[in-house]
Amino acid sequence: MLPVLAVTGLAKEARLAAGPGVVAIGAGGNPQRLRALLEARTPPDCRAVVSIGIAGGLAPDLVPGDVVVATEIVARDRSYPVDGAIADALMGQLAGFGSVRRAAVAGVETAILAVADKADLHARTGAVAVDMESQVAAAFAARHGLPFAAIRVVCDPAVRAIPAFAAQALKPNGEPDIVAVLTAILRDPRQIGPLVHLARDSDRAFAALKRCRPLLGASLGVP
């Protein structure tokens, strides 16, 4: 049986997603690079596509560690539906986990950093969380007639801005670029406070994702 393709942004997400029946791919938070990697998969060599990882919070009541199972992916020029059977399976496997919501997720080409921009995106789309991979993964699945789903864990909440340099502090393989982080702090020590908040939010999000992963089981819960 062909594996499920897990689409991620960060190397840590890919490592958590990979497992029996799952092949993970990521592109360091770069949608264009991710498109190129996916287009190189000819044929797709997978039976379903699942976008999985952390996300920015858009709904004001979501906190770091809350889980969102997507009902649709709202992108710049269109929206992509998810496979209902897979979404149902994900919700069932995560029953009792804690805060799990089924709602729309926004997919964007550039990071949403400011609190005002998060609020605007939430108001315009109704999406409760945002990431930079789901729209790419959904489009790839649609082109190849593959079932698609997304599960995302909230990292930064809607009320917290992300330091501007954080969007570029990744290597192409999705690993943190420590040199870029240290350089940004040396240039502007005021970034230390926001960076500490982001690190704490990230720790909570990844801890939740790590707890979720065994519940999903083989093939990320895809029936």
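Okay, so let's go over this structure. From a predicted model like this one, the values you see are computed outputs, not experimental measurements.

Describing the overall build of the chain
On a plain count of helices and strands, the chain comes out with seven helices and eight strands. Within the chain, the proportion of its 223 residues that are buried is 50%. Here the chain displays about 9,900 Å² of accessible surface, and carbon together with sulfur accounts for 59% of that area.

Quick word on the packing of aromatic side chains
Tallied over the entire structure, the rule returns zero aromatic pairs. A cation over a ring is seen here: lysine 12 above phenylalanine 206, with NZ or CZ 4.5 Å from the ring centre.

Re the environment of arginine 124
Here arginine 124 lies in helix 4 (residues 115-125). A polar side-chain atom of arginine 124 sits 2.8 Å from a polar atom in the side chain of aspartate 120.

Some points on the side chain of arginine 41
Inspection of the secondary structure assignment puts arginine 41 in the loop between helix 2 (31-39) and strand 3 (48-57). Among the polar contacts made by the side chain of arginine 41, one reaches the main-chain carbonyl oxygen of proline 44 at a distance of 3.0 Å. Beyond its immediate sequence surroundings of up to four residues, arginine 41 is in contact with Leu5, Val23 and Ile25.

Here we look at the nonpolar core
Within soluble globular proteins, side chains that are nonpolar tend to cluster in buried spots. Ranked by internal contacts, the top residues of the largest apolar core, which has 60 residues, are Val49, Ile52, Phe148 and Ile151. With seven residues, helix 7 (residues 192-216) is the single largest residue contributor to this core. Excluding anything up to four places from it in sequence, valine 49 contacts Leu5, Val7, Ala137, Phe140, Ala141, Leu146, Pro147, Phe148 and Ala149. In terms of nonpolar packing, the next biggest core, distinct from the first, is built from nine residues, Val74, Val108, Leu121 and Val130 among them.

A short note on helix 5 (residues 134-143)
Among the ten residues in helix 5, eight count as buried, and that is most of the element. Turning to helix 5, its buried residues number three or more, namely Ser134, Gln135, Val136, Ala137, Ala138, Ala139, Phe140 and Ala141. A positive phi of about 65° marks glycine 145, the residue just after helix 5.

Structural notes on the pattern of salt bridges
Counted by the stated rule, this structure contains ten salt bridges. The residue glutamate 39 makes a salt bridge to arginine 143 at a minimum N-O spacing of 2.3 Å. Placement of the pair is glutamate 39 in helix 2 and arginine 143 in helix 5, with a sequence separation of 104 residues. One salt bridge connects glutamate 133 with arginine 152, and the closest N-O pair in it is separated by 3.3 Å. In this pair, glutamate 133 is assigned in the loop between strand 7 (129-131) and helix 5 and arginine 152 in strand 8 (residues 148-154), connecting sequence segments 19 residues apart. The burial state of glutamate 133 is the same as that of arginine 152; both residues are buried.

Some words on helix 2
Looking only at helix 2, the buried set comprises Pro31, Leu34 and Leu38. Buried residues of helix 2, viewed axially, fall in a sector of 55°; they line one side. Packed against the buried residues of helix 2 are strand 1 (4-8), strand 2 (22-26) and helix 5. A distance of 3.0 Å separates the backbone nitrogen of glutamine 32 from a side-chain oxygen at the start of helix 2, and that oxygen is part of asparagine 30.

Considering the pairing of strand 2
Across five bridges, the pairing between strand 1 and strand 2 is parallel. The partner of valine 7 across the bridge, within strand 2, is isoleucine 25. Of the crossover connections in this fold, the one passing from strand 1 over helix 1 (residues 11-17) to the parallel strand 2 is right-handed.

Structural notes on the pairing of strand 8
Summarising burial for strand 8: seven of the seven residues are buried, a large majority. Along strand 8, one buried face is formed by Phe148, Ala150, Arg152 and Val154 and the opposite face, lined by Ala149, Ile151 and Val153, is buried too. Pairing geometry for strand 3 and strand 8, over seven bridges, is parallel. Following the sheet pairing, valine 49 is matched in strand 8 by phenylalanine 148. Where strand 4 (residues 67-74) lies against strand 8, three bridges are found, and the strand directions are antiparallel. Bridging across to strand 8, valine 69 finds its partner in isoleucine 151.

Thresholds, definitions, all that
Residues numbered from 1 in each chain as written. Predicted model: local features only at pLDDT ≥ 70, side-chain atom pairs only at ≥ 80, totals over all residues. Heavy atoms only, no water. Helix = DSSP H or I, 4+ residues; strand = E, 2+ residues; numbered from the N terminus. Buried < 20%, exposed > 50% of the residue type's maximum accessible area, 1.4 Å probe, protein only. Areas by Shrake-Rupley, 256 points an atom, 1.4 Å probe, with all protein chains shown as cover. Phe/Tyr/Trp six-rings, centres within 6.5 Å; stacked < 30°, edge-to-face > 60°. Lys NZ or Arg CZ within 6 Å of the ring centre and 35° of its normal. Polar contact = N/O pair within 3.5 Å; in protein donor to acceptor, adjacent residues only side chain to side chain. Contact = heavy atoms within 4.5 Å. Core = buried A, V, L, I, M, F, W, Y, C linked by side-chain atoms within 4.5 Å. Salt bridge = Lys/Arg side-chain N within 4 Å of Asp/Glu carboxyl O. Arc of directions from axis to C-beta. Pairing = 2+ DSSP bridges. Right-handed = clockwise from strand over helix to strand, strands pointing away.

So far we have only geometry, and geometry alone does not tell us how the molecule works.
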